[in-house]
Protein chains: 2
Amino acid sequence: MPVLRSAFLAFVLALLPGLVHAQPAVEAARSHRQAHEAQILRDYADFLRIPNVASDSVNIRRNARHIQQQFAARDVDLDVLTVDGVPPIVTGRIEAPGATRTLGIYVHYDGQPVDASRWTHGPWTPTLYTAAMHQGGTPRAFPADGESVDPEARLYARGAGDDKAPIAALLATLDALQERDIELTSNIVFLFDGEEERGSPHLNQYLSQYEGRFADVDLWLFCDGPVHQSRQPQVVFGVRGVTGMEVTVYGANRPLHSGHYGNWSPVPGQMLANLLATMKSTDGAVLIDGFYDTVAPLTAAERAALDELPLVDEPLKDELALARTEGTERLEERLLLPSLTVRGLASGNVGAKARNIIPSTATAALGVRLVKGNDPNRMLDRVEDHIRAEGYHIVRETPSDSLLRAHPRVAKVTRGAGYPASRASMGQPLANQVIAAAERASGQDVLRVPTLGGTLPVFLFEQVLGTPAIIVPIANHDNNQHAPDENIRLANLWYGVDLYAALLTMPAR
Amino acid sequence: MPVLRSAFLAFVLALLPGLVHAQPAVEAARSHRQAHEAQILRDYADFLRIPNVASDSVNIRRNARHIQQQFAARDVDLDVLTVDGVPPIVTGRIEAPGATRTLGIYVHYDGQPVDASRWTHGPWTPTLYTAAMHQGGTPRAFPADGESVDPEARLYARGAGDDKAPIAALLATLDALQERDIELTSNIVFLFDGEEERGSPHLNQYLSQYEGRFADVDLWLFCDGPVHQSRQPQVVFGVRGVTGMEVTVYGANRPLHSGHYGNWSPVPGQMLANLLATMKSTDGAVLIDGFYDTVAPLTAAERAALDELPLVDEPLKDELALARTEGTERLEERLLLPSLTVRGLASGNVGAKARNIIPSTATAALGVRLVKGNDPNRMLDRVEDHIRAEGYHIVRETPSDSLLRAHPRVAKVTRGAGYPASRASMGQPLANQVIAAAERASGQDVLRVPTLGGTLPVFLFEQVLGTPAIIVPIANHDNNQHAPDENIRLANLWYGVDLYAALLTMPAR
């Protein structure tokens, strides 16, 4: 299914210049890109080669300087602003002569942490494939100047899809518009975030401290996230929030021989399983008291938009090899509820390193996605209340022997940072303009989606700056975002080049 | 508590030569050891420096040759026998002039696999500590010749306690007896096993192929396992059996973004938790149908011996920082039931490497300890029946996408090797002789224990050779057997030297 559909889309994309009367900016973007695919990919690979985990303070700054240099080469002066020694934001603006509005463009250049051993190539060894690995693609050389690449080709690297792709596409768009002297129709404010993947813990501070730089933005365009699973372009009005915690439960204070103590000493892996099983039913309903209580209801417009989305459940189940899903509702409906996900489990060892012991601890990394109405802290409180109700004494630090000796069940809970969901009104003043731009760029109908499943720090822009935001994703849905072998499908990168050309030249009101 | 008790025991041990009239062999062993502690420890450290995981075929052979050389230096010729390219057994005999019986001595020289990153020093970097690490011991230099070491000192290395210690002690015993020209009173057959820690999968073949070498053994002495948790010496009449399996459950065929798919795609870590929770209650009762059905009842002698054992539950709970245990019965009673232990859990990542994904698999390593009456295969069948009853389709190989698409719940089950429990009659002809020898060596009452919690391939000696076996452990119970920072407490190593002197010179019937 996906192969057929993608091939069809590639066919349609190839015919597009003849099928629709794309406006000059999109045409300029497309012909520039077609002539310079090799250069764009080489430059993008150079960018992807710089490791971009937010905690890697040296490399994260190298990324920021790289962005600054690349924009400077297009005569756009950006500042690398730093607060408190945390990853910088890169920001600046382009003044459009006579423009009466200002668009903000948000992208993040950091990526999720990596387990390098699970990547086919290194996470920062950008590798071009003829097609997706999981669809039989094989490594191929980067193209020579003037050579065109199959739009089904994929570029693999951490950040390739999430979220350096918009930066690579924006640079190509700027080149294309400058080449043909096409004027922008809005002032543009750029904001490149360097720690989105750990929850943008300092963005609030950046926005407050440098509020003046962002004050005149009428609408923020969040360039992040994937297009629809049908590969149709989408414009998204909200995001889920996110939080999480790590829970460690304890057996004896040292690993024990499973023969001499098995059946007598508590087994942390078993305790953790029993605890997690009380949190969620086998059909996916979260059993934590009050977990669903604060969910905001859908508006009529959101309900209508939802019902218009193509059903993707069955093709997705084919693609992902799933015989069932949690709950019975369609995917988009499930994303309008908060979720509880076991992101990781660890106790002792499995496989060749498994030993005949009772490990002394077991740990679960739990992720919680939030929807409009959920307060991140209050949701974690509910999870903790549940853990307590299961008989656990909760601690924040690794417990001492005397504490363990005193409490039959001890759980160390480490709460993660988090931020709430946002859902902007679908009646947004500029919304129809943005949708029209995406339609010009793609030559397709554009889906209007109430919320993305993923999370972006949209709420900060609403809360600190009072400015609404719309998400304009470009990445393929199967980009292995946050996982090993993250990638971008070239057709999606090229869509980005066209989309930004259309957005930067939207007709004045 | 443990510190006080150990100090008291050390005090008693120091007085022993004056308190009891140890027979000449034990006296010879003790004075030889006291004069040569430095040399014995140096030699033992050289032995421990050779990596000894059974799968490491090069090093496992180095261990075998080392044993052969060490015995050759005491004029005992051993053969290194090899079957099928698996770890060798080292075997041979000492003829005692005029002896009317033959004792078999079984020790294994391989150790459990290691996760080197979790050891304070390398697993094969033997390191001497002033006392146990967990009781505040610190690293110290090996003693100079003639220097005596605190018997509370510990030597850390893989195999230090399980099970190279008896080999080091036996060599010292032989030196001591030869030094004073003390004659053995039994013929001795040695059998050093090189793959006990992976279930001695070829010992059956070795015993069958070389049966003639073992045919006249009247009783096998299994030199393995720990003394009682009270640090009192014990003689043990049985062992638990062991088996196990690894279970992997599946979500989507690739890791998914926890935002875009969380609440819709099944979460393998959650599925595994729900499955494991159905297997065992929070108070430690295994809920698998028939799990306890085939347990052999205790004999009256076993019941009586059990009731005479000192209660160790409360001091052990202090030592291990446990506020509760599984079940309500005392430790020794719990060991007479089969156990189900989560040895390992793995899904995605926890800690700094945790990412916002839904991992595509979750795996549990399950250990099953068996008691008399349990058939290993039949017990695993019961676990599999349970997994099926929970709705899982069981496969043996990594499932294809089409198989996953067809079955709502798929579990890959990899069954481990296993062997049954054994429990010899406490009325064993030579049993009282062995107990008396242990009493001479220790100067203490010796506990008679129906079964060790751990596992040894005793059943093979009973089944293939028709020869009974008794276990004569020397290691400290807190030797971190099978775990990181395995160690031997020197007082226990010295007990071994004395014990073997007493056993090798037991009065003729």
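### Structural notes on the side chain of Gln270(A)
Along the chain, the position of Gln270(A) falls in helix 8 (residues 268–277). Within polar-contact distance, the side chain of Gln270(A) engages the side chain of Asn274(A) at 2.8 Å. When residues no more than four places from it in sequence are discounted, the contact partners of Gln270(A) are Leu276(B), Ala277(B), Lys280(B) and Val342(B).

### Regarding the relation of the copies chain B and chain A
Between chain B and chain A, which share one sequence, the superposing operator has a rotation angle of 180 degrees and an axial displacement of 0.0 Å; the RMSD is 0.1 Å. A rotation of that kind, with that shift, is consistent with a two-fold axis. The rotation axis passes nearest to the C-alpha of Ala273(B) in chain B, at a distance of 2.0 Å.

### Some thoughts on the environment of Ala35(B)
All names here are of chain B. Structurally, the position occupied by Ala35 is in helix 2 (residues 24–35). On the accessibility criterion, Ala35 (48% relative accessible area) is partly exposed. In sequence terms Ala35 and Thr328 are 293 residues apart; their C-alpha atoms lie 48 Å from each other.

### As for the pairing of strand 16 (residues 410–415) of chain A
Residue and element names in this part refer to chain A. In this structure, strand 10 (residues 241–250) lies alongside strand 16, joined through five bridges in antiparallel fashion. Note on strand 16: the bridge partner recorded for Met245 is Arg415. For the segment spanning strand 15 (residues 393–395), helix 13 (residues 401–406) and strand 16, crossover handedness is right-handed.

### As for the sheet that holds strand 4 (residues 127–129) of chain A
Residues and elements named next belong to chain A. Sheet architecture is open: three strands sit in the order 4-5-20, paired in antiparallel fashion. The open sheet terminates on both sides in strands that have one partner only, identified here as strand 4 and strand 20 (487–489). Pairs of neighbouring strands in the sheet enclose a mean axial angle of 20 degrees, with direction left out of account. Relative to strand 20, strand 5 (residues 154–156) runs antiparallel, the two being bridged by three bridges. Across the sheet, the residue bridging to Arg154 is Arg489, located in strand 20.

### Observations concerning the interface of chain B and chain A
With 100 residues of chain B at the interface, the matching set in chain A holds 100 residues. Interface of chain B and chain A: buried area, both sides summed, is about 9000 Å²; carbon and sulfur atoms make up 52% of it. Of all residues in chain B, Asn263(B), Trp264(B) and Arg405(B) bury the most surface against chain A, accounting for 11% of the area lost on that side. The tally of links between chain B and chain A comes to seven salt bridges. When the shortest N-O distance is used, the salt bridge between Arg254(A) and Glu319(B) registers 3.0 Å. Inspection of the region where chain B meets chain A yields 56 residue pairs in polar contact (both at pLDDT 80 or more).

### Some words on the packing of aromatic side chains
For the structure on display, the rule yields 24 aromatic pairs over all chains. Plain terms: the ring middles of Tyr106(A) and Phe461(A) are 5.7 Å apart, the flat faces sit at 80 degrees to each other, and that makes the pair edge-to-face. Of this pair, Tyr106(A) sits in strand 3 (residues 102–108) while Phe461(A) sits in helix 15 (residues 458–465), and the two are 355 residues apart along the sequence. Neither Tyr106(A) nor Phe461(A) differs from the other in exposure class; each is buried. Their ring planes at 45 degrees and their centres at 6.1 Å tell us that Tyr261(B) and Trp264(B) sit as a pair that is tilted. The class for Tyr261(B) is buried, based on a relative accessible area of 2%.

### Remarks on the domain arrangement of chain A
All names here are of chain A. Partitioning chain A into structural domains gives domain 1 (2–239 + 421–504) and domain 2 (241–295 + 337–415). Using only C-alpha atoms to locate each centre, domain 1 and domain 2 end up separated by 37 Å. In total, domain 1 and domain 2 occlude about 540 Å² of area from one another, counting both sides; carbon and sulfur atoms represent 51% of this. It is Ala421, Arg423 and Thr455 in domain 1 that bury the most area against domain 2; as a group they hold 80% of the surface buried on that side. If you look at where domain 1 meets domain 2, you find zero salt bridges. Where domain 1 meets domain 2, there are three residue pairs in polar contact (both at pLDDT 80 or more). Of the residues contributing to the side of domain 1 that touches domain 2, the split by class is two nonpolar, three polar and one charged.

### A look at the pattern of salt bridges
Here the structure, examined in full by the defined rule, presents 61 salt bridges over all chains. Here Arg74(A) makes a salt bridge to Asp175(A), at a shortest N to O gap of 2.8 Å. A residue pair is termed long-range when its members are at least 10 positions apart, and Arg74(A) in the loop between helix 3 (57–72) and strand 1 (79–81) and Asp175(A) in helix 4 (residues 165–179) qualify at 101 residues. When the shortest N-O distance is used, the salt bridge between Arg303(B) and Asp307(B) registers 3.5 Å. With a gap of four residues between them, Arg303(B) and Asp307(B) both fall in helix 10 (residues 300–308), about one helical turn apart. Residue classification places Arg303(B) among the partly exposed residues on the basis of a relative accessible area of 32%.

### As for the packing of helix 15 (residues 431–442) of chain B against helix 17 (residues 490–504) of chain B
Residue and element names in this part refer to chain B. Contact pair helix 15 / helix 17: the axes reach a minimum separation of 8 Å and the direction vectors enclose 135 degrees. By the criterion of interaxial angle, the relationship of helix 15 to helix 17 is oblique. Our pair here, helix 15 against helix 17, has a crossing hand that is right-handed. Residue-level inspection shows Val434, Ala437, Ala438, Arg440, Ala441 and Ser442 of helix 15 in contact with helix 17, the latter providing Tyr495, Asp498, Leu499, Ala502 and Leu503. A class-by-class count of the residues in the contact of helix 15 with helix 17 yields eight nonpolar, one polar and two charged.

### So, the nonpolar core
Grouped together as the largest cluster of nonpolar side chains are 80 residues, with contacts concentrated most on Ile387(A) and Ile387(B). Ile387(B) has contacts with Met245(B), Val247(B), Leu275(B), Met279(B), Tyr392(B), Ile394(B), Ala411(B) and Val413(B), leaving out every residue within four places of it along the chain.

### Comments concerning the environment of Pro51(B)
Residues and elements named next belong to chain B. On the secondary structure map, Pro51 appears in the loop between helix 3 (37–48) and helix 4 (57–72). What makes Pro51 buried here is its relative accessible area of 18%. Considering only alpha carbons, one finds Pro51 and Tyr210, 159 residues apart in sequence, at a separation of 27 Å. If near-sequence neighbours (up to four positions away) are discounted, Pro51 is found in contact with Asp56, Asn59, Ile60, Arg62, Asn63 and Trp124.

### So, helix 15 of chain B
The end-to-end C-alpha distance of helix 15 of chain B, which contains twelve residues, comes to 17 Å, matching closely the 16 Å that a straight helix rising 1.5 Å per residue would cover. At the exit of helix 15 of chain B stands Gly443(B), carrying a positive phi of roughly 65 degrees.

### Description of the sheet that holds strand 20 (residues 487–489) of chain B
Within a beta sheet, neighbouring strands are joined by backbone hydrogen bonds and run either parallel or antiparallel to one another. Residue and element names in this part refer to chain B. Pairing is antiparallel in the open sheet, where three strands are placed in the order 4-5-20. Of all the strands in the sheet, just strand 4 (127–129) and strand 20 have a single pairing partner and so form its edges. Recorded for the sheet is a direction-independent mean angle of 20 degrees between the axes of neighbouring strands. Sheet topology places strand 4 next to strand 5 (residues 154–156); three bridges connect them, and they run antiparallel. Bridging from a neighbouring strand, Tyr129 pairs with Arg154 of strand 5. Contacts between helix 17 and the sheet are confined to strand 4, strand 5 and strand 20, with strand 20 contributing the most and set at about 70 degrees to the helix.

### Comments concerning the packing of helix 3 of chain A against helix 4 of chain A
Residues and elements named next belong to chain A. Relative to each other, helix 3 and helix 4 sit at 15 degrees, their axes nearing to 10 Å. By the angle between their axes, helix 3 is roughly parallel relative to helix 4. Helix 4 is crossed by helix 3, and the crossing has left-handed handedness. When helix 3 is examined against helix 4, the residues Ile67, Gln70 and Phe71 are found in contact with a partner set consisting of Ile167, Leu171 and Leu174. Here the residues of the contact of helix 3 with helix 4 sort into five nonpolar, one polar and no charged.

### As for the confidence of the model for chain A
Within chain A, residue pLDDT values average 93, and 95% of them lie at 70 or more. Note on the complex model: pTM 0.81, ipTM 0.82.

What counts and how
- Residues numbered from 1 in each chain as written.
- Chains lettered and ligands numbered in written order.
- Predicted model: local features only at pLDDT ≥ 70, side-chain atom pairs only at ≥ 80, totals over all residues.
- Heavy atoms only, no water.
- Helix = DSSP H or I, 4+ residues; strand = E, 2+ residues; numbered from the N terminus.
- Polar contact = N/O pair within 3.5 Å; in protein donor to acceptor, adjacent residues only side chain to side chain.
- Contact = heavy atoms within 4.5 Å.
- Least-squares fit on C-alpha atoms with pLDDT ≥ 70 in both.
- Buried < 20%, exposed > 50% of the residue type's maximum accessible area, 1.4 Å probe, protein only.
- Pairing = 2+ DSSP bridges.
- Right-handed = clockwise from strand over helix to strand, strands pointing away.
- Axes fitted to C-alpha atoms, helices over the stretch in contact; angles between N-to-C directions.
- Buried area = accessible area lost by both parts, 1.4 Å probe.
- Salt bridge = Lys/Arg side-chain N within 4 Å of Asp/Glu carboxyl O.
- Phe/Tyr/Trp six-rings, centres within 6.5 Å; stacked < 30°, edge-to-face > 60°.
- Domains from an automatic or database assignment.
- Nonpolar A, V, L, I, M, F, W, Y, C, P; charged D, E, K, R; others polar.
- Parallel < 35°, antiparallel > 145°, perpendicular 65-115°, else oblique.
- Left-handed = near helix turned anticlockwise from the far one by under 90°.
- Core = buried A, V, L, I, M, F, W, Y, C linked by side-chain atoms within 4.5 Å.
- Expected span 1.5 Å × (residues − 1).
- pLDDT = per-residue confidence, 0-100.

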